[in-house]
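Letter by letter, the chains look like this.
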Amino acid sequence: MLFNSLTFLIFFVVVLVVYRVMPTWTARKRFLLVASYVFYSSWNPPYVAILLFSTTMDWWFARQIGRMEEGPPRKALLVASLLVNLGLLGFFKYGGFLLANFQDAAALVGIIYRPPTWDILLPIGISFYTFASLSYTIDVYHRNIRGDCSYLDYALFVSFFPHLVAGPIVRASKLLPQIQQPREATRAMFGWGLSLLAMGLFSKVILADTIFAPVVERVYGHPEQFGALDTWAAVLGFSGQIYFDFSGYSLCAIGIALTLGFEFPDNFRAPYAARGFSDFWRRWHITLSSWLRDYLYIPLGGNRGGRWRTDCNVMITMLIGGLWHGASWMYVLWGGLHGAYLVAERHLRTNDSRTESPQRAQIALTLITFAVVTLTWIPFRAVDAHTAATALAGLFRFNLPERVGTLPLVCCLGAAFVMIGWQFALRDSSLEERCGRLSSGAQGLILAVCLICLYLWSGGDERAFIYFQF
Amino acid sequence: MPLSTSSSDAPDYSRALPSGDWLAAIAVAFGLLVLTIAVMEIALAERGFAPTIVDSPRLWVAQRIAASQLGRRALILVGDSRMQLDVDTTALRSQTHLTPVQLAIDGTSFVPVLEGLAKDPTVLGTVVVQFDDVSLASKTDSSRGADLQAAFDHRSSWILDYANTEDWLEDNLHSALRSYADGSLPISALVDRLIAPRPTPQYLRTLPDRSRAADYGKVAMPDWYFGRVMKNLGEDLQQPGMTYEQLYALLVRRIGTLQPEPNQAYEANIPRINAMADAIRRRGGRVIFVVFPTSGLVKAVDDARYPRALFWARFAASSRATTLNFADVPSMQGFICPDGSHLDARQRTAFTTALVAALALAPTKSALPVRPPRL
């Protein structure tokens, strides 16, 4: 059930109304749990069983871990929890990929291996709810939180529909307390939540799907047929498409949760205005990057083991972060490139003792960061290395005329430049702060433009959110 | 991600809400949205536009399911817009005592649909394929037909299925509002029907069984006709200030220079199509390939690019199914397509009657059931 669908609109209205008339907090939570499972089952009903299994196992493991004294059995339970979660993720997400790579590796040494046909559908959201669930078990193990929450509270934490399929990746330590204590959405929360939903849908449907996606899909479909102008538009366009697609989804999720009285963290903070790559990762998909930092990079040793060890930890984290996005070497390459940038930046910053750069240098650093991040999206978007290389070559193919069409090209490039300017302006601010400065007339007008545009461009092909596939 | 472990706290969950009454703002915005929709609907109504059934994937899949469920009673219609516009399914039903199932898809190849029917062992009825040379001449079958066939193959009968629910809601909403009439987006309705000084009138109606009825009396002729010819030709030759006579002469000259398309892919596809037809015939079904009427310069373009001797004649000679070209049937030769490519709604019944007679689709007296079967 996509947020940008009529089915969700009806589902959401029913949830809001019934949730509000429920007499007790426990009844509200039970209702939200049922609604979340209905929401999830709309994709593939049998996969509800996987969600239920994962939830039950982690709840039970965490409960035992929380009760036990320190020692090997406690650690063994944590390892068992990790194995179950990562095993499920590995089986569904990486099974086919591993078999295909094993086949290729065997062929290199002359062994003919034919893997079985792998036609198992990836359960939607498994990467997101697995990480959310893992955070609970690990935090209980480290005694950061207690492992004694009720099954109802835990099941709702994992399956709460606004974050279930594409995040933000919520932490048990932050969301469980909200679930355990009765909450009521204030008028301000409700109004701002609906406003975020409208702005999120506008980002997704109008900016990502209507302006950027057509150019991106056309050029990346046959990159050899397009010249420099079209390819630059597509490459810049994909920066816009993936940002507005995913940040739009995140805004919707945050807004929906707010209308029900729950607070989620920000997932994006003007990432294309980042100054350097470590700054970029503090602004892009914040809940994933902070998860990887806290549950992977730091346990690996973080920056505590010297230069070489730190570089290794950064690379491992980024490679796994890349692989998290999907079973493809292209994602690994993308993660590896970002890891290399972070390592290089770390070394450059260590060697450069200046603490404050002049404004011009900061602008230049922002533009360089954006340019490199944008070019690094090429292997992320391309289906294979050949397509990526062809698209990269297309950036310098000046002998072909423009083919995408003047209007889509102008809209795509124009929107990309507006996006950069807007993020630059929002760099040290927030959406809430900016919107709070508007007059009440402007507030209504902006939201009216969002809703009217959503209506005018409705009825076309529906595109799923990009991050659903991860 | 940050390189330092010093900031290893989780992201901030407490949200500073912006000042202002955002509930009032969103309520005002919603009010303006409703007002916009209402104004558009009223303005479209004043310009003579009415809501229409939208030819959606859900409707096609419903017809496709009927094609399987009806067994031998099914009269399955496959093709493109000509099959949708030219055939009167009510007349077809009454004259053949079979149940027409409209699977034709506007602007696409018939091949993926025929392939899907051939692979489905429950399809036992009569399949009438509106044949066009382009479908065989192209090397690939990537078309909307393949997408719809995939939608049928992966359909879910589960009541809470998201896709089914969404399609049902969309179909109902779109068939209630003028902004979505004829499958347009509201933005297209705004630009092409409200802002445009001379909007194209609503000359086409989609019927509940996916057939269509065109009223060419509503469109501006001969501009419409020349537009269709140039669309078929793939070139816009019209220049400002050009008279109709000059445009006609220019088109005739251009068509005179057209060369036949290469027919290697066509020849290669013939055994594939025959295998599909044979699969249905082996189950006791019947397959009929029919070339539908075209007229004037549209026909001239087709004849120049796909000469009968190099294309249709070769297919017809190799096919074990029934084949029929309208040009060979005296009762069909007289049908003139107003736009060169499709018949007007007023011609449909007569054409359908001629088609039934030519194909001997009408049952003999002894074969008539006591009561005509219905779906």
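On a predicted model such as this, the values are computed, not experimentally measured, just so you know. Going along each chain's sequence as written, the residues are numbered from 1 onward. To label them, take the chains in the order written and letter them from A, then take the ligands in the order written and number them from 1. Local features in this predicted model are restricted to residues whose pLDDT is 70 or higher, and side-chain atom pairs enter the listing and the counts only when it is 80 or higher, whereas totals over whole chains, interfaces and linings include all residues. The side-chain figures draw on all heavy atoms in the structure; neither hydrogens nor water molecules are used.

## Points about the overall build of chain B
What counts as a helix is a DSSP run of H or I of at least four residues, what counts as a strand is a run of E of at least two, and both are numbered from the N terminus. Along its length, chain B carries 16 helices and 7 strands. Overall, the C-alpha framework of chain B stretches about 80 × 55 × 55 Å when taken along its three principal axes. Relative accessibility under 20% of the residue-type maximum defines a buried residue, over 50% an exposed one, and the middle range a partly exposed one, all with a 1.4 Å probe and only protein chains included. For chain B, buried positions account for 50% of its 375 residues. In chain B, 78% of the contacts between residues at least 6 apart in sequence involve partners at least 24 apart. Split by element, the accessible area of chain B, about 17,200 Å² in all, is 58% carbon and sulfur. Only four residue types enter the charge count, namely Lys and Arg as positive and Asp and Glu as negative; His and the chain termini do not. The location of each charge is read from NZ of Lys, CZ of Arg, CG of Asp or CD of Glu. With 38 positive and 38 negative side-chain charges, chain B shows a spacing of 9 Å between the two charge centroids. For this analysis, residues touch if any pair of their heavy atoms sits within 4.5 Å. Each accessible area value is a Shrake-Rupley result obtained with a 1.4 Å probe; residue values ignore everything except the protein chains displayed when judging cover.

## Comments concerning helix α3 (residues 48-67) of chain A
Residues and elements named next belong to chain A. For a helix, the expected span equals 1.5 Å multiplied by the residue count minus one. A rise of 1.5 Å per residue sets the reference length of α3, with its 20 residues, at 28 Å; its end C-alpha atoms lie 29 Å apart and thus fit the reference within 8%. Restricting attention to buried positions, one finds in α3 the residues Val48, Ile50, Leu51, Ser54, Thr55, Asp58, Trp59, Phe61, Ala62, Gln64 and Ile65. Close packing links the buried residues of α3 with α2 (25-41), α4 (72-108), α5 (126-141), α6 (151-159) and α7 (161-164).

## Focus on the packing of helix α9 (residues 187-221) of chain A against helix α1 (residues 22-46) of chain B
One can describe the packing of α9(A) onto α1(B) by two numbers: an axis separation of 7 Å at closest approach and a directional angle of 45°. The pairing of α9(A) with α1(B) is recorded here as oblique in orientation. From α9(A), Arg187(A), Phe190(A), Gly191(A), Trp192(A), Leu194(A), Ser195(A) and Ala198(A) reach across to α1(B), where they touch Trp22(B), Leu23(B), Ala24(B) and Ile26(B). Amino acids outside the nonpolar list (Ala, Val, Leu, Ile, Met, Phe, Trp, Tyr, Cys, Pro) and the charged list (Asp, Glu, Lys, Arg) are all regarded as polar, and Gly is one of them. For the contact of α9(A) with α1(B), the class distribution of residues is 8 nonpolar, 2 polar and 1 charged. The axes used here are C-alpha line fits, helices contributing only the stretch in contact, and every angle between their N-to-C directions lies in the interval 0 to 180 degrees. Here roughly perpendicular refers to angles of 65 to 115 degrees, roughly parallel to angles under 35, roughly antiparallel to angles over 145, and oblique to all remaining angles.

## Points about the sheet that holds strand β7 (residues 322-325) of chain B
Residue and element names in this part refer to chain B. Spatially, β2-β1-β3-β6-β7 is the arrangement adopted by the 5 strands of the open sheet, whose pairing is parallel. The open sheet is flanked by β2 (99-102) and β7, the only strands paired with a single partner. Here the strands of the sheet are splayed against their neighbours by 20° on average, with no regard to which way each runs. In this scheme, strands are said to pair when DSSP sees at least two bridges between them. Bridge count for strand β1 (residues 74-78) against β2 is 4 bridges, and the pairing is parallel. Within β2, the position partnered with leucine 75 by the bridge is proline 100. Contacting β3 (126-130) and β6 (286-291), helix α12 (residues 264-282) runs over the sheet at an angle of about 140° to β6. On top of the sheet, helix α16 (residues 348-359) reaches β6 and β7; it is set at about 125° to β6, its chief contact.

## Quick notes on the pairing of β3(B)
All names here are of chain B. Counting buried positions along β3 yields 5 of 5 residues, so the element is predominantly enclosed. Residue alternation in β3 divides its side chains into two sets, Thr126, Val128 and Gln130 and Val127 and Val129, and both sets are buried. Of the pairings in the sheet, the one linking β1 to β3 comprises 4 bridges and is parallel in character. Its bridge partner lying in β3, leucine 75 is registered against threonine 126. By the bridge criterion, 5 bridges tie β3 to β6 in an arrangement that is parallel. Considered in β6, the bridge of threonine 126 is made with arginine 286.

## Here we look at the interface of chain A and chain B
Across the contact, 66 residues belong to chain A and 48 residues belong to chain B. Interface of chain A and chain B: buried area, both sides summed, is about 5,100 Å²; carbon and sulfur atoms make up 69% of it. The salt bridge definition used is simple: a Lys or Arg side-chain nitrogen within 4 Å of an Asp or Glu carboxyl oxygen. Scanning the region where chain A abuts chain B turns up 1 salt bridge. For Arg187(A), the salt bridge goes to Asp21(B), with nearest N and O atoms at 2.7 Å. Tallied by class, the residues present in the side of chain A that touches chain B amount to 34 nonpolar, 20 polar and 12 charged. Here the buried area means the combined drop in accessible surface, using a 1.4 Å probe, for two parts upon being joined, counting both sides.

## Digging into unusual backbone geometry
Residue and element names in this part refer to chain B. That bond from methionine 221 to proline 222 is cis: its omega, 5°, falls within 30 degrees of zero. Considering the arrangement of structural elements, one finds proline 222 in the loop between β5 (212-214) and α10 (223-233). Even without being a glycine, histidine 97 presents a positive backbone phi close to 60°. Within the secondary structure layout, histidine 97 lies in the loop between α4 (89-96) and β2. Judged by its relative accessible area of 25%, histidine 97 falls in the partly exposed class.

## Re the environment of Asp328(B)
Residue and element names in this part refer to chain B. In this structure, aspartate 328 sits in the loop between β7 and α15 (330-333). Spatially, the C-alpha atom of aspartate 328 lies 9.9 Å from that of valine 291, the residues being 37 residues apart in sequence. Look past the residues within four positions of aspartate 328 in its chain and what remains in contact with it is Arg308 and Gln333.

## Some points on the side chain of Ser54(A)
With respect to the helices and strands, Ser54(A) occurs in helix α3. Dropping the residues within four chain positions of it, Ser54(A) is found in contact with Asn85(A), Leu88(A), Tyr129(A) and Ser133(A).

## A closer look at the domain arrangement of chain A
All names here are of chain A. Domain limits in this description derive from either an automatic procedure or a database domain assignment. On domain assignment, one finds that chain A holds domain 1 (18-100 + 116-183) and domain 2 (189-469). Domain 1 and domain 2 are separated by 27 Å when their C-alpha centres are compared. Taken together, the contact pairs 33 residues of domain 1 with 33 residues of domain 2. Across the domain 1/domain 2 interface, buried area totals approximately 2,900 Å², and carbon plus sulfur atoms make up 69% of it. A per-residue breakdown of the area domain 1 buries against domain 2 is headed by Phe97, Pro168 and Arg171, which together make up 21% of the total. Across the domain 1-domain 2 interface, the total number found is 2 salt bridges.

## A word on the environment of Phe268(A)
All names here are of chain A. Looking at where phenylalanine 268 falls in the secondary structure, it is placed in the loop between α10 (228-259) and α11 (277-281). Along the sequence, phenylalanine 268 and arginine 187 sit 81 residues apart, while their C-alpha atoms lie 25 Å from each other. In this structure phenylalanine 268 touches Tyr243, Phe246, Ser247, Ser250, Arg283, Trp284, His285 and Ile286, once residues within four positions along its chain are discounted.

## So, the nonpolar core
One broad rule of soluble globular proteins: the nonpolar side chains tend to lie buried together. To define a nonpolar core, start from buried Ala, Val, Leu, Ile, Met, Phe, Trp, Tyr and Cys residues and group those joined through side-chain atoms within 4.5 Å. In this structure, Tyr136(A), Phe157(A), Phe262(A) and Tyr272(A) are the most contacted members of the largest nonpolar core, which totals 168 residues. Here Phe157(A) is in contact with Ala132(A), Ser135(A), Tyr136(A), His163(A), Val170(A), Arg171(A), Ala172(A), Leu175(A), Leu176(A) and Ile179(A), once residues within four sequence places are set aside. Formed by 64 residues, the second largest nonpolar core is a distinct cluster that contains Val61(B), Leu70(B), Leu148(B) and Val356(B).

## Some points on the confidence of the model for chain B
Residues and elements named next belong to chain B. Confidence of the predictor at the level of single residues is captured by pLDDT, which takes values from 0 to 100. Overall, the prediction assigns chain B a mean pLDDT of 87, with 91% of residues at 70 or greater. Across chain B, the element-wise mean pLDDT spans from 85 in helix α8 (residues 162-174) up to 96 in β2. Confidence drops under a pLDDT of 50 for residues 1-8, and excluding neighbours within four residues, the segment shows 29 contacts in the predicted structure. Here residues 365-375 is modelled with pLDDT under 50, and outside its nearest four sequence neighbours on either side it reaches 12 contacts, counting other chains as well. Taken together, the chains of this predicted complex give a pTM of 0.81 and an interface ipTM of 0.82.

## Let's talk about the layout of surface pockets
Throughout, the protein atoms alone are placed on a 1 Å grid, and a set of points is a cavity if a 1.4 Å probe fits but cannot get out or a pocket if it is open with protein on both sides within 12 Å along at least five of seven lines; lining residues have an atom within 4 Å of a point. Grid points are joined across faces, edges and corners, and a volume is the space filled by probe spheres set on the points. Reported here for the second largest pocket is a volume of approximately 1,400 Å³. Forming the boundary of the second largest pocket are 41 residues, of which Leu6(A), Leu9(A), Leu201(A), Leu454(A) and Tyr455(A) lie nearest the centre. Those elements that provide at least two residues to the lining of the second largest pocket are α1 (6-21), α9 and α19 (440-456) of chain A together with α1 and α8 of chain B. It is α9(A) that contributes the most residues to the lining of the second largest pocket, 8 residues altogether. Across the lining of the second largest pocket, the residue classes tally to 28 nonpolar, 7 polar and 6 charged.

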